[in-house]
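Residue-level listing of the chains:
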Amino acid sequence: MGYVDENLMPGETVVARANLHWGMLVGPTFGTGLVGLAIVPLILMGLAVPVDDPYAKSMIPFTLLCCLVPYFLFAGVVMGSAIAKYLTTEFAVTDSRIIAKSGVLRRNSLELHLRKLESIDVSQPLMGRIFGYGTIVASGTGGTHQPFPNIADPMGLRNRI
């Protein structure tokens, strides 16, 4: 049971749900892949040592350790934070309000009553139109402008609101 389901008012029903688009994982995956390709020459240089030199042969594990451990730590942090954001973000429209939540350790949440909603703006870059994602900005009375980036099928969600 997620945040949205736990915070429904009595008699309130969910009309629509939205998720983050899978495309938000492409950047971190591509970035960690490029860094991984950049350390390949370092690893190959560490492995290309003279076979008859015992000192050089003893340094091979150390060289690999110095290259691979920082890389896997970097990749783990970058990919872990992107996956955590993808899995912990919830967005729903009920019959009376919009509910959004993101984060695990540091939670950000928003509840905007539909009767206080002035407009819903959808912004889609070219790639967003091709792959079906965009940013929804909910504008409420009193100057509230809350953006929800990387939402899958933002036009469909706007129509449901």
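Residues numbered from 1 in each chain as written. Predicted model: local features only at pLDDT ≥ 70, side-chain atom pairs only at ≥ 80, totals over all residues. Heavy atoms only, no water.

Points about the overall build of the protein
Right, so step 1: Broken down by element type, the protein carries 6 helices and 7 strands.
Right, so step 2: Listed N to C, the secondary structure of the protein is α-β-α-α-α-β-β-β-β-α-β-β-α in terms of helices and strands.
Right, so step 3: Expected size for 161 residues packed as a compact globule is a radius of gyration near 15 Å; at 23 Å, the protein overshoots this value by more than 25%.
Right, so step 4: Structurally, the protein occupies a C-alpha span of about 80 × 35 × 25 Å along its principal axes.
Right, so step 5: In the protein, which comprises 161 residues, the proportion classed as buried is 31%.
Right, so step 6: The long-range share in the protein, meaning contacts at least 24 apart out of those at least 6 apart in sequence, stands at 49%. (Helix = DSSP H or I, 4+ residues; strand = E, 2+ residues; numbered from the N terminus. Rg over C-alpha atoms; globule rule 2.2 N^0.38 Å. Buried < 20%, exposed > 50% of the residue type's maximum accessible area, 1.4 Å probe, protein only. Contact = heavy atoms within 4.5 Å.)

Observations regarding the sheet that holds strand 7 (residues 144-152)
The strands making up a sheet associate through hydrogen bonds between their backbones, and the pairing can be parallel or antiparallel.
Right, so step 1: In space, the 3 strands of this open sheet follow the order 5-6-7, with antiparallel pairing throughout. Across the chains shown, the open sheet's two edge strands, defined by having one partner strand only, are strand 5 (117-123) and strand 7. Geometrically, the sheet is characterised by an average inter-axis angle of 20° between neighbouring strands, direction not taken into account.
Right, so step 2: By the bridge criterion, 7 bridges tie strand 6 (residues 133-140) to strand 7 in an arrangement that is antiparallel. By the bridge assignment, Val 137 is partnered in strand 7 with Pro 147. (Pairing = 2+ DSSP bridges. Axes fitted to C-alpha atoms, helices over the stretch in contact; angles between N-to-C directions.)

Quick look at the layout of surface pockets
Right, so step 1: Each pocket or cavity is described by its volume, and for the largest pocket that value is around 280 Å³.
Right, so step 2: In terms of lining residues, the largest pocket is bounded by 18 residues, among which Thr 89, Ser 102, Pro 147, Phe 148 and Pro 149 are the most central.
Right, so step 3: Contributing elements (two or more residues each) for the lining of the largest pocket: strand 2 (90-94), strand 3 (97-102), strand 4 (108-113) and strand 7.
Right, so step 4: Top contributing element to the lining of the largest pocket by residue count: strand 7, with 6 residues.
Right, so step 5: When its residues are assigned to classes, the lining of the largest pocket shows 9 nonpolar, 6 polar and 3 charged.
Right, so step 6: Taken as a whole, the second largest pocket spans an internal volume of roughly 150 Å³.
Right, so step 7: Considering the residues around the second largest pocket, the lining is formed by Lys 85, Ser 102, Gly 103, Val 104, Leu 105, Arg 106 and Asn 108. (1 Å grid on protein atoms, 1.4 Å probe; cavity = no way out; pocket = protein on both sides within 12 Å on 5 of 7 lines; lining within 4 Å. Points joined across faces, edges and corners; volume = space filled by probe spheres on them. Nonpolar A, V, L, I, M, F, W, Y, C, P; charged D, E, K, R; others polar.)

Overview of helix 4 (residues 60-88)
Right, so step 1: For helix 4, spanning 29 residues, the distance from its first C-alpha to its last is 41 Å, which sits close to the expected 42 Å at 1.5 Å a residue.
Right, so step 2: Within the sequence span of helix 4, burial applies to Ile 60, Cys 67, Tyr 71, Ala 75, Met 79, Ala 82 and Thr 88. (Expected span 1.5 Å × (residues − 1).)

Quick word on the nonpolar core
Right, so step 1: Phe 91, Ile 98, Phe 148, Ile 151 and Leu 157 are the most contacted members of the largest nonpolar core, which totals 19 residues.
Right, so step 2: Setting aside anything within four residues of it in sequence, one finds Phe 91 in contact with Ala 16, Arg 17, Ala 18, Ile 98, Ile 99, Ala 100, Phe 148 and Leu 157. (Core = buried A, V, L, I, M, F, W, Y, C linked by side-chain atoms within 4.5 Å.)

Some words on the pattern of salt bridges
Right, so step 1: Summed over all chains, the structure comprises 4 salt bridges.
Right, so step 2: We note a salt bridge from Arg 17 to Asp 5, for which the minimum N-O separation is 2.5 Å. Residue Arg 17 is found in strand 1 (residues 14-18), and its partner Asp 5 is found in helix 1 (residues 3-6); the two are separated by 12 residues along the sequence.
Right, so step 3: Here Arg 17 falls in the partly exposed class, since its relative accessible area comes to 42%.
Right, so step 4: Its relative accessible area of 30% is what places Asp 5 among the partly exposed residues.
Right, so step 5: Across the salt bridge formed by Glu 12 and Arg 97, the nearest N and O atoms sit 2.8 Å from each other. Of the two residues, Glu 12 is situated in the loop between helix 1 and strand 1 and Arg 97 in strand 3; the sequence distance between them amounts to 85 residues. (Salt bridge = Lys/Arg side-chain N within 4 Å of Asp/Glu carboxyl O.)

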